[in-house]
Amino acid sequence: MNKTEFNACIRAEFKHISNLFFDQVEKYKIFLQDYNQKINLTRLDTEPKIYGEYFYESIVPFKDLDLLKIHTLLDIGSGSGIPGMILKLLYPHLQLTIIESNRKKCLFLKKLGEHLNIDVSIINQRAEKIQNCHREQFDLVTSRAVGALPIMVELSLPYLKIGGLLVEPKSKKWSEELLVSQKIITALGGKLRSTNQFQSANDKFHAIFLIEKIKKTDPIYPREWNLILKGWQ
């Protein structure tokens, strides 16, 4: 996907877009490419990959959601800024918080926020080390390519408000991941709202899980990392 194709696709899916968004995306792309030469942040560093697999595939899972009604967004394991930073550019009103365990990536995110002149709260910690001030505080929680669905459910749902949404895009083995996630979704107070699909820039099909928080999560979750990895037997 090139720049022209990206712009056309986004304008078709998001009617509220201004030219400022595309200007900011271009600044993001250049900053990412320059920084990536010094510190390896992402393998998606060529122009077609940045516009297609990096930007477009971070945005399109949210095309059927009214994010204008969302106020607080948490991106877990954002790494080089996706999907949180690009969603903040798309919807500037969002109060964006990023949790990222890698200190070097946190420094990049801080500099990126300054470069784009956007407000973002960056927390350098592991997601399972949840602080009480962040528990059940967010309208929407998301991540990209951080872990399997059952892991992300346990890491994410404790951060959601009742009525909030967890949005998890998945590609490989998504049906198997959903099957083993049903028990933990229920245990943590969630309910699967829908499973949708979208076609990626490279013509592969991806699944999007929308999980609604319907009751409070027991404070024992998330568990320690070694227990999360063991799963639910």
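None of these values were measured; they are calculated from a predicted model.

**Q** Sorry if this is basic, but what is going on with the state of the cysteines here?
**A** Chemically, a disulfide is nothing more than a covalent bond linking the sulfur atoms of two cysteines. Enumeration according to the criterion identifies zero disulfides in this entry. We note that Cys 106 lacks a disulfide partner, and the nearest cysteine sulfur, in Cys 133, lies 16 Å from it. Owing to a relative accessible area of 9%, Cys 106 belongs among the buried residues under this scheme. Note on Cys 133: relative accessible area 55%, which makes it exposed.

**Q** Explain the nonpolar core to me, please; I cannot follow it from the model alone.
**A** The nonpolar side chains of a soluble globular protein tend to be buried with one another. One finds Phe 6, Ile 10, Phe 21, Tyr 28, Phe 55 and Leu 90 to be the most contacted residues of the largest nonpolar core, which totals 45 residues. Contributions of two or more residues to this core are made by α1 (3-13), α2 (19-36), α3 (47-59), α4 (84-90), β2 (95-99), α5 (103-116), β5 (160-170) and β7 (205-213). Tallying contributions element by element places α2 first for this core, with seven residues. Dropping the residues within four chain positions of it, Ile 10 is found in contact with Ile 17, Phe 21, Phe 22, Tyr 56, Ile 59 and Leu 90. In terms of nonpolar packing, the next biggest core, distinct from the first, is built from 26 residues, Ile 76, Ala 127, Ala 207 and Ile 211 among them.

**Q** Help me out: how do you make sense of the pattern of salt bridges in this one?
**A** It is possible for side chains of opposite charge to pair when their charged atoms get near one another. Here the structure, examined in full by the defined rule, presents 15 salt bridges. Lys 110 is the salt-bridge partner of Glu 114, the closest N and O atoms lying 2.7 Å from each other. You can see Glu 114 and its partner Lys 110 sitting in helix α5, four residues apart, about one turn around the helix. In this structure, the salt-bridge partner of Glu 136 is Lys 213, at a minimum N-O distance of 2.9 Å. Of the two residues, Glu 136 is situated in the loop between β3 (121-123) and β4 (138-142) and Lys 213 in strand β7; the sequence distance between them amounts to 77 residues.

**Q** Hey, could you run me through the packing of α1 against α2 in this one?
**A** Helix-helix packing is described using two parameters, namely the angle between the two axes and the distance between the axes. The N-to-C vectors of α1 and α2 enclose an angle of 140°; their axes lie 12 Å apart at closest approach. Relative to α2, the element α1 is oriented oblique. Here the hand of the crossing between α1 and α2 comes out right-handed. Of α2, the residues touching α1 (which contributes Lys 3, Phe 6, Asn 7, Ile 10 and Arg 11) are Asn 19, Phe 21, Phe 22, Val 25 and Glu 26.

Conventions and cut-offs
- Within any chain, residue numbers begin from 1 and follow the written order of that chain's sequence.
- Restriction of local features to residues with pLDDT of at least 70 applies here, the model being predicted, together with a cutoff of 80 or more for giving and counting side-chain atom pairs; totals for whole chains, interfaces and linings are based on all residues.
- Heavy atoms throughout the structure, all of them, feed into the side-chain values; hydrogens and water do not.
- Cysteine sulfur atoms that pair up within 2.5 Å are treated as a disulfide.
- Per-residue accessibility, obtained with a 1.4 Å probe over protein chains only, is compared with the maximum for each type, and a residue is labelled buried under 20%, exposed over 50%, and partly exposed between these values.
- We define a nonpolar core as any set of buried Ala, Val, Leu, Ile, Met, Phe, Trp, Tyr and Cys residues linked to one another through side-chain atoms lying within 4.5 Å.
- Segments assigned H or I by DSSP are reported as helices when at least four residues long, segments assigned E as strands when at least two residues long, and all are numbered from the N terminus.
- In what follows, a contact means two residues having at least one pair of non-hydrogen atoms within 4.5 Å.
- Counted as salt bridges are all cases of a side-chain nitrogen of Lys or Arg within 4 Å of a carboxyl oxygen of Asp or Glu.
- Axis lines are fitted through C-alpha atoms, for helices just across the contact stretch, and the angle between N-to-C directions can take any value from 0 to 180 degrees.
- Angles below 35 degrees are treated as roughly parallel, those above 145 as roughly antiparallel, those between 65 and 115 as roughly perpendicular, and all remaining angles as oblique.
- What makes a crossing left-handed is the near helix being turned counterclockwise from the far one by less than a right angle; a clockwise turn instead makes it right-handed.

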